[in-house]
Amino acid sequence: MTNNWWAKAYDKMKDLEYDYHYIDFSTAKQEVEFIEEVLNLSKGAEILDLGCGNGRHSILLAQKGYKVRALDYSAQILAQAKREANRREVKVDFIKGDMREIGDKGKYDGIIVLDGSFGIFSDKENEELIKRVSASLKVGGRLLIQSFNPYYIANNQSISYENEGDKTFIRETRFDPYSGKVVDKISLLNNNGEKKEEIPTRYYRAYTLPELDKMFAKANLGTMEVYGHNESYTPKVDESFNVREHTVFYTVVQKVKINIYP
Ligand SMILES: C[S@@+](CC[C@H](N)C(=O)[O-])C[C@H]1O[C@@H](n2cnc3c(N)ncnc32)[C@H](O)[C@@H]1O
């Protein structure tokens, strides 16, 4: 059952104190430079961060003077993001909501969907989401999406143990070739090494490049640019995508004409 896992998974991670520490502000700093460059942002540009998590990109972008709205479904993560923005005295318009319901037609210069925030619904819903995102962009506005590289994930399925304070989690990541989804299962272990509690399994559709290209074309989004990442998983404009080595890739598209959706 893959339906709506996202509604519970991230709050459960917070409850169990599973901190996705790889999602931090220091890596976001370099990602923000990449975001500014590929979205071709000018001063005061309006940005929407979908599935903003702890707000690491939105806060750093707002610090640079952009007008940022950031949306997430998890009340717990959003509370953390708001605390951090207050601590840094930065203004971000944080909103709790479901990204499939975004409105704001023709408002944004740039929209970002990063680090596990894309590919989480059914194919039909993912396609609808891209159409809505396109409708929310100004003509000439740009969209940046990070998504899993299916070819890499299929060849690098893994089981790893992760320690968080005095807790140990087991993380099992595999690729399901029938649905084209990455299946990411995290469980808390007890002292005997047995599974004690599970975070709802996360499923991410790992689209191929032609699949994405088709989806973008249907949503009036133009020629697709593709970027890879360096060894520290940081995207760079001069880092070409390497299908055998890169876990994820970044696609950038520009809205080319007035959208009549929905
Ligand atoms: C892995 S986190 C990534 C956070 C952030 N983009 C980053 O790079 O740090 C994915 C986020 O997407 C949010 N999310 C999942 N489903 C959502 C939905 N339907 N609407 C809005 N946010 C959602 C989750 O709550 C979670 O915070």
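Please refer to the structure placed before this passage.
Here is a short report on the structure shown in this document. Since the structure is predicted, the reported quantities are computational estimates derived from the model, not experimental observations. (Residues numbered from 1 in each chain as written. Predicted model: local features only at pLDDT ≥ 70, side-chain atom pairs only at ≥ 80, totals over all residues.)

### Some remarks on the sheet that holds strand β1 (residues 46-50)
Consider a sheet: its strands pair through backbone hydrogen bonds, and that pairing is either parallel or antiparallel.
For step 1, the next point in the chain: Here we have 7 strands laid out as an open sheet, ordered β3-β2-β1-β4-β5-β11-β10, and mixed in their pairing. Every interior strand has two partners, whereas the edge strands, β3 (93-96) and β10 (225-227), have only one. For this sheet, the mean inter-axis angle between neighbouring strands, taken without regard to orientation, is 15 degrees.
For step 2, the next point in the chain: Bridging between β1 and strand β4 (residues 108-113) involves 4 bridges; their strand directions are parallel. Its bridge partner being in β4, L48 is matched across the sheet by I111. (Pairing = 2+ DSSP bridges. Helix = DSSP H or I, 4+ residues; strand = E, 2+ residues; numbered from the N terminus. Axes fitted to C-alpha atoms, helices over the stretch in contact; angles between N-to-C directions.)

### Some points on helix α7 (residues 209-218)
For step 1, the next point in the chain: Restricting attention to buried positions, one finds in α7 the residues L212, M215 and F216. In a view along the axis of α7, the buried residues occupy a sector of 100 degrees, so they form one face of it.
For step 2, the next point in the chain: Those residues of α7 that are buried lie in contact with α5 (123-136) and β11 (248-254). (Buried ≥ 20, exposed ≤ 12 C-beta atoms within 10 Å, placed from the backbone. Arc of directions from axis to C-beta. Contact = placed C-beta atoms within 7 Å.)

### Considering the sheet that holds strand β7 (residues 167-176)
For step 1, the next point in the chain: Strand order across the open sheet formed by 4 strands is β6-β7-β8-β9, with antiparallel pairing between neighbours. Looking at the sheet topology across the chains shown, the edges are occupied by β6 (158-164) and β9 (195-205). On average, each strand axis in the sheet is inclined to that of its neighbour by 20 degrees, with strand direction left out of account.
For step 2, the next point in the chain: Of the pairings in the sheet, the one linking β7 to strand β8 (residues 181-189) comprises 8 bridges and is antiparallel in character. Residue T173 lies in a different strand from β8, and its bridge partner there is D184.

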